[in-house]
Amino acid sequence: MNKQEPVQYSNPQQDTSSSASGKKDTTERFVYQDDEVMEKPFDWSQLKRLGVYLKPYSKQLLPIVILMMVLGTITRLAIPFIISQAIDKAIAPAAGDPSVRLLLIYAGVMLVLYLIQWGANTFRIRYTNIIGQRVIYDIRHDIFKHIQKLSFNFFDKRPAGSVLVRVTNDVNSLQDLFTNGVVNVLIDCVQLVGIMIILLSLNFKLGLAVMITVPLMFLVSTSLRKKIRRAWQDVRTKQSRLNAHLSESIQGIRVTQAFTQEKENIGFFDKMNTENRQSWNYASMTNQSFGPIIEVTGAIGAFILFFYGAHLIQSTEITVGLFVAFASYVGNFWEPINRLGQMYSQLLVAMASSERIFEFIDMKPIVDDKEQAENLDNIEGNIRFDNIVFEYEKGRPALKGISLDVHAGQSIAFVGHTGSGKSTMINLLCRFYDPVEGRVLIDGKDIRDIHLQSLRSQIGIVLQDTFIFSGTIRDNIRFGRLDATDEEVEIAAKAVNAHEFIAGLPDGYETEVQERGSVLSMGQRQLISFARALLADPRVLILDEATASIDTETELKIQEALKTLLFGRTSFIIAHRLSTIRHADNIVVMDHGRIMEQGNHDELMRHGGIYRGLIDAQFRFLSA
Ligand SMILES: Nc1ncnc2c1ncn2[C@@H]1O[C@H](COP(=O)(O)OP(=O)(O)OP(=O)(O)O)[C@@H](O)[C@H]1O
C-alpha cells in the first residue's frame with residue numbers, strides 16, 4: 001500500500017456511494033492517512049539501532065544476563081547426558097552389577113544441576129526484566145522528548161491517536177521483545193546449536209538421521225514467514241486507524257452528540273473494530289501454522305529415532321542410556337525451533353514498531369535552532385515582517401508578500417475575513433513555522449538566528465481555545481512562570497479580574513481542573529489564560545481571538561485589565577469582535593494573504609475601505 005495514500009472507510013450500515021436520494025455519504029469525513037509501510041523486508045538495521053539502547057547496560061547488567069543464560073543452558077543440556085550415564089553405568093551396566101552408590105552420586109549431580117539451572121533462570125529473568133524496563137523507559141523518554149520538539153506541521157498532518165499509538169502500543173510491543181524476546185531467542189539459538197553438536201558427537205549417523213527433516217521444515221516455513229509478516233503489518237495498520245478514530249471521537253464527542261451522530265460513529269467504529277479483530281485472528285492463525293509444521297517434522301524425527309535407534313541398539317552400536325539421552329535431546333530439539341518460529345512473528349511486530357518509533361525520532365523539526373543561534377535578552381519589542389511569503393501546503397500561499405513595521409510598545413490589530421492570514425502572521429512571529437520567503441525581525445535580528453526557547457519566552461500568547469492542563473487552577477496560572485510565588489499568582493489573577501470567580505470555587509486556587517478544563521466555562525478559561533500571560537510578563541503579547549468567549553460585561557471589566565496587561569508591551573490582537581480593537585495603534589486589514597489597509601480606527605473609517613465595510617456590517621448585524 002502506498003505510504004501517502006489516504007484510506008477511506010465508510011459506514012457498514014449505509015450505502016457507501018451517494019444514495020439514490022442524492023444524499024451525500026456522511027462517512028466521507030473518516031479519512032485517515034495510512035502511515036504504515038507495507039511489503040518491507042525484514043530490516044536488520046532496526047535491530048542494530050535497538051541494540052544501541054542496550055549499550056548503557058553492556059558493562060554491568062548484560063554480562064550477568066549472558067552468564068546466567070549460558071549457565072542455565074549448559075546445565076539443561078547436561079542433564080540428559082547424566083541420565084544416560086546413570087542408566088549405562090549405575091542402573092544397567094554392560095558389565096558388572098547395578099550400583100546404588102553410583103546411582104546416588106548421579107542423582108546428587110543431577111540435583112545440583114537442577115539447582116544451578118533454577119538459580120540461573122531466576123536471576124536471568126530478574127535482570128532481563130530490569131534491563132527491558134529501563135530500555136523501554138529510555139525509548140519512551142526519547143520519543144516523547146522528540147515529539148515535544150516537533151514543529152506544528154508534524155501535528156497538522158497526523159491525528160493525535162496515531163501519535164499516541166506510537167508512544168504506547170509500539171513501545172509496548174518492544175517491551176515484550178526486550179523483556180523476553182531477545183534473551184529467549186539467544187537461549188533457543190544456543191540450545192539448538194548445543195543439541196545439534198551433542199547429537200552429532202554422541203552418534204553421528206543417528207544424529208544426522210533425526211535432523212534430516214530440518215532443511216525441509218525451513219523451506220516450508222520460509223514461505224509462511226512472508227505471509228506472517230504481512231499479516232502482522234496489517235494488524236498494525238488496523239490498530240493505528242482504530243486508535244486514530246477513537247481519539248478523534250473522544251475529542252469530538254460534544255459535536256457528535258450535538259449533531260446526534262452517535263449511531264453513525266458507533267457503526268463506523270464497529271467496522272474498524274471488526275477489521276482489527278479479523279486481521280488479528282488471521283495473523284495469529286497464520287502464526288500458529290508454524291506449530292503443526294514443527295509437530296509433523298518432530299513426529300518424522302521421532303519415527304526415525306525409534307526405527308533407526310532400535311536398529312543401532314540391536315547392533316550394539318549404541319547403548320540404551322545413549323538412546324534415552326538421544327530421545328530426550330530430540331524432544332528438546334523441536335521446542336526451541338517452534339519457539340523461534342513464534343518469536344519470529346514477535347520480532348516482526350517489534351521491528352514494525354521500532355521502524356515507526358524511529359521514523360518519529362528521525363523526523364527533524366522543520367523549525368529548529370541554528371548552530372550559532374543567539375539568546376535574546378530583554379528585547380525592546382520592535383518587530384518587522386519583511387516581505388513575507390508563506391505556504392502551509394506547496395502551491396497554496398497563505399501570505400503573499402507581507403511587509404509590516406511594528407514599533408516597541410505599539411498595539412497592532414489584525415482584522416479581516418476568516419482565512420485571510422491573521423493567525424498565520426502570529427504563527428510566523430512565534431516561529432511555529434518559517435516563511436518560504438522574507439524574514440521576521442525582532443529588534444533588527446532575524447528570528448531564525450535566535451534560540452527558539454529564548455524567542456518564545458519573550459512572547460506571551462493567549463488563544464481562543466485555551467488549553468487547561470490537569471491540575472489546580474494555581475498550577476495552570478503558574479504555567480506562565482514556574483517559579484512564581486503563590487502571591488504573584490494571585491496578583492496576576494486579580495489584575496485580570498479572575499480572582500473573584502476563582503475565590504468563589506469550592507477550593508479556590510486549589511480547585512482541581514481536568515484536561516482541557518471542562519469544569520470551567522470558556523470565559524473563565526480565558527481569564528485564567530490572561531492571568532497566565534500576565535504572570536509570564538512577556539515583552540510581546542499576542543491575543544488571538546482571546547476575548548471572543550467573554551461576555552460583554554466581563555469584557556468591559558477586562559478591557560481595563562488589558563490596558564495594564566498591554567501597557568509598554570508590543571501587542572498583537574486578532575479579534576472578529578471589532579469593538580475590542582478600536583483603540584489599537586495600528587489596525588492591519590488583511591485579505592487573501594495580503595495587507596489591504598492599515599491605520600488607526602479613525603483613519604480607516606475616514607478612508608471608507610474594507611475596514612469601514614466590516615464595521616458597518618457588524619453594526620448592522622448587532623442592531624438587526
Ligand atoms: N495548518 C494548516 N495547514 C494548511 N493550511 C492552513 C493551516 N492553517 C491555516 N491554513 C490556511 O491558511 C490560510 C490562512 O489561515 P489563517 O488561520 O491565518 O486565517 P485567519 O485569518 O487567522 O482565519 P480565522 O479568522 O478564521 O482564524 C487559510 O486559507 C487556511 O486554510
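Residue positions are counted from 1 within each chain, in the order its sequence is given. The predicted nature of this model means local features are confined to residues of pLDDT at least 70 and side-chain atom pairs, given and counted, to a pLDDT of 80 or more, with totals for whole chains, interfaces and linings taken over all residues. For side-chain calculations, the full set of non-hydrogen atoms in the structure is used, while hydrogens and water are omitted.

Asker: What am I meant to see in the pattern of salt bridges here?
Answerer: When their charged atoms lie close together, side chains carrying opposite charge are able to pair. Any carboxyl oxygen of Asp or Glu within 4 Å of a side-chain nitrogen of Lys or Arg constitutes a salt bridge here. Enumeration according to the criterion identifies 21 salt bridges in this entry. Residues K238 and D234 are paired through a salt bridge, measuring 3.1 Å at the closest nitrogen-oxygen approach. Of this pair, K238 and D234 both sit in helix 7 (residues 214–251), four residues apart, which is roughly one turn of that helix. D537 serves as the salt-bridge partner of R569, at 2.7 Å between the closest nitrogen and oxygen. Secondary structure elements are defined from DSSP: runs of H or I of at least 4 residues count as helices, runs of E of at least 2 residues count as strands, and each element is numbered from the N terminus.

Asker: Where do I start with the pairing of strand 4 (residues 396–406) in this structure?
Answerer: Along any regular strand the residues' side chains alternate between the sheet's two faces. For two strands to be treated as a pair, DSSP must find at least two bridges joining them. Strand direction decides the pairing type here: strand 3 (residues 383–393) and strand 4, joined by eight bridges, are antiparallel. Across the sheet, residue F385 finds its bridge partner in strand 4, namely L404.

Asker: Explain unusual backbone geometry here, please?
Answerer: Glycine aside, residues mostly have negative phi angles, and peptide bonds mostly take the trans form. Its identity as a non-glycine residue notwithstanding, N497 has a phi of 60°, on the positive side. Classification of residues uses two cut-offs on accessible area relative to the type maximum, computed with a 1.4 Å probe and protein chains only: under 20% is buried, over 50% is exposed, and between them is partly exposed. Overall, N497 belongs to the partly exposed group, its relative accessible area being 30%. The residue H592 is not glycine, and still its phi comes out positive at about 45°. Mapped onto the fold, H592 is located in the loop between strand 13 (586–591) and strand 14 (594–599).

Asker: Explain the packing of helix 7 against helix 10 (residues 290–314) to me, please; I cannot follow it from the model alone.
Answerer: The description of two packed helices rests on the angle between their axes and on the distance between the axes. Fitted lines through C-alpha atoms give the axes, limited to the stretch in contact for helices. The angle between two N-to-C directions lies from 0 to 180 degrees. Remark: helix 7 packs on helix 10, axes separated minimally by 11 Å, with the N-to-C direction vectors making an angle of 175°. Our classification of the angle between helix 7 and helix 10 gives roughly antiparallel. Of the residues in helix 10, those touching helix 7 at M217, V220, S221, L224, R225 and I228 are F290, I293, I294 and T297. Gly is put with the polar residues, along with every residue not named as nonpolar or charged; the nonpolar set is Ala, Val, Leu, Ile, Met, Phe, Trp, Tyr, Cys and Pro, and the charged set is Asp, Glu, Lys and Arg. A breakdown of the residues in the contact of helix 7 with helix 10 according to their chemical character gives seven nonpolar, two polar and one charged. Our angle categories are set so that under 35 degrees counts as roughly parallel, over 145 as roughly antiparallel, 65 to 115 as roughly perpendicular, and the remainder as oblique. The contact rule is simple, with two residues in contact once any of their heavy atoms fall within 4.5 Å.

Asker: Explain the site of the ligand to me, please; I cannot follow it from the model alone.
Answerer: Near the ligand, the surroundings consist of 15 residues, among which T418, G419, K422, S423 and T424 are the closest. T418 is positioned such that a nitrogen or oxygen atom in its side chain is 2.3 Å from an oxygen atom of the ligand. Accessible surface is estimated by sampling points in the Shrake-Rupley manner with a 1.4 Å probe; for residues, cover comes only from the protein chains shown. In the complex, 67% of the free accessible area of the ligand, which totals 630 Å², lies under the protein chains. Of all the secondary structure elements, the ones that give two or more residues to the shell around the ligand are strand 3, strand 4 and helix 12 (422–429). For the shell around the ligand, the residue count by class is three nonpolar, eight polar and four charged. Nearness of a residue to a molecule or strand requires only that one of the residue's heavy atoms be within 4 Å of it. Pairs of N or O atoms within 3.5 Å make up the polar contacts considered here, provided that, within protein, one atom can donate a hydrogen while the other can accept it, and that residues adjacent in sequence are counted only when both atoms are side-chain atoms.

Asker: It is not clear to me how the packing of aromatic side chains should be interpreted in this structure. Could you clarify?
Answerer: Pairs of aromatic rings are described using the distance from one ring centre to the other and the angle between the two planes. Only Phe, Tyr and Trp rings are paired, with Trp represented by its six-membered ring, and only when their centres lie within 6.5 Å; those with planes under 30 degrees apart are stacked, over 60 edge-to-face, the remainder tilted. Per the stated rule, a full pass over the model turns up 10 aromatic pairs. Considering the side-chain rings of Y53 and F358, the 6.4 Å spacing of their centres and the 25° angle between planes classify their relative orientation as stacked. On the criterion of sequence distance, the pair formed by Y53 in the loop between helix 1 (44–52) and helix 2 (61–91) and F358 in helix 11 (residues 320–362) is long-range, its members being 305 residues apart. Both rings, one in F303 and one in F307, keep their centres 5.9 Å apart while their planes meet at 10°; by these two values the pair is stacked.

Asker: How should the sheet that holds strand 8 (residues 459–463) be read in this particular structure?
Answerer: Hydrogen bonding along the main chain pairs the strands of a sheet, whether they run parallel or antiparallel. Ordered by their spatial adjacency, six strands build an open sheet running 8-11-12-5-13-14, and the pairing between neighbours is mixed. Looking along the sheet, the strands with just one partner apiece sit at the ends: strand 8 and strand 14. For this sheet, the mean inter-axis angle between neighbouring strands, taken without regard to orientation, is 15°.

Asker: How should the sheet that holds strand 4 be read in this particular structure?
Answerer: Read across the open sheet, the four strands follow the order 4-3-6-7; overall the sheet is antiparallel. Across the chains shown, the open sheet's two edge strands, defined by having one partner strand only, are strand 4 and strand 7 (445–446). Lying on the sheet, helix 12 is in contact with strand 3, strand 4 and strand 6 (437–442); it crosses strand 3 at an angle near 110°.

Asker: Looking at this structure, how should I read the nonpolar core?
Answerer: One recurring pattern in soluble globular proteins: nonpolar side chains tend to sit buried together. Counting residues in each nonpolar core, the largest one holds 41 residues, and the members touching the most others are V415, I477, I502, L543, I581, I587 and Y611. Counting residues per element, this core draws most heavily on helix 17 (residues 522–536), which supplies seven residues. The residues touching I502, leaving out its near neighbours within four places in the chain, are I473, I477, A493, G508 and Y509. The set of buried Ala, Val, Leu, Ile, Met, Phe, Trp, Tyr and Cys residues whose side-chain atoms join them within 4.5 Å is what this entry labels a nonpolar core. Grouped together as the second largest cluster of nonpolar side chains are 34 residues, F290, I294, F326 and W334 included.

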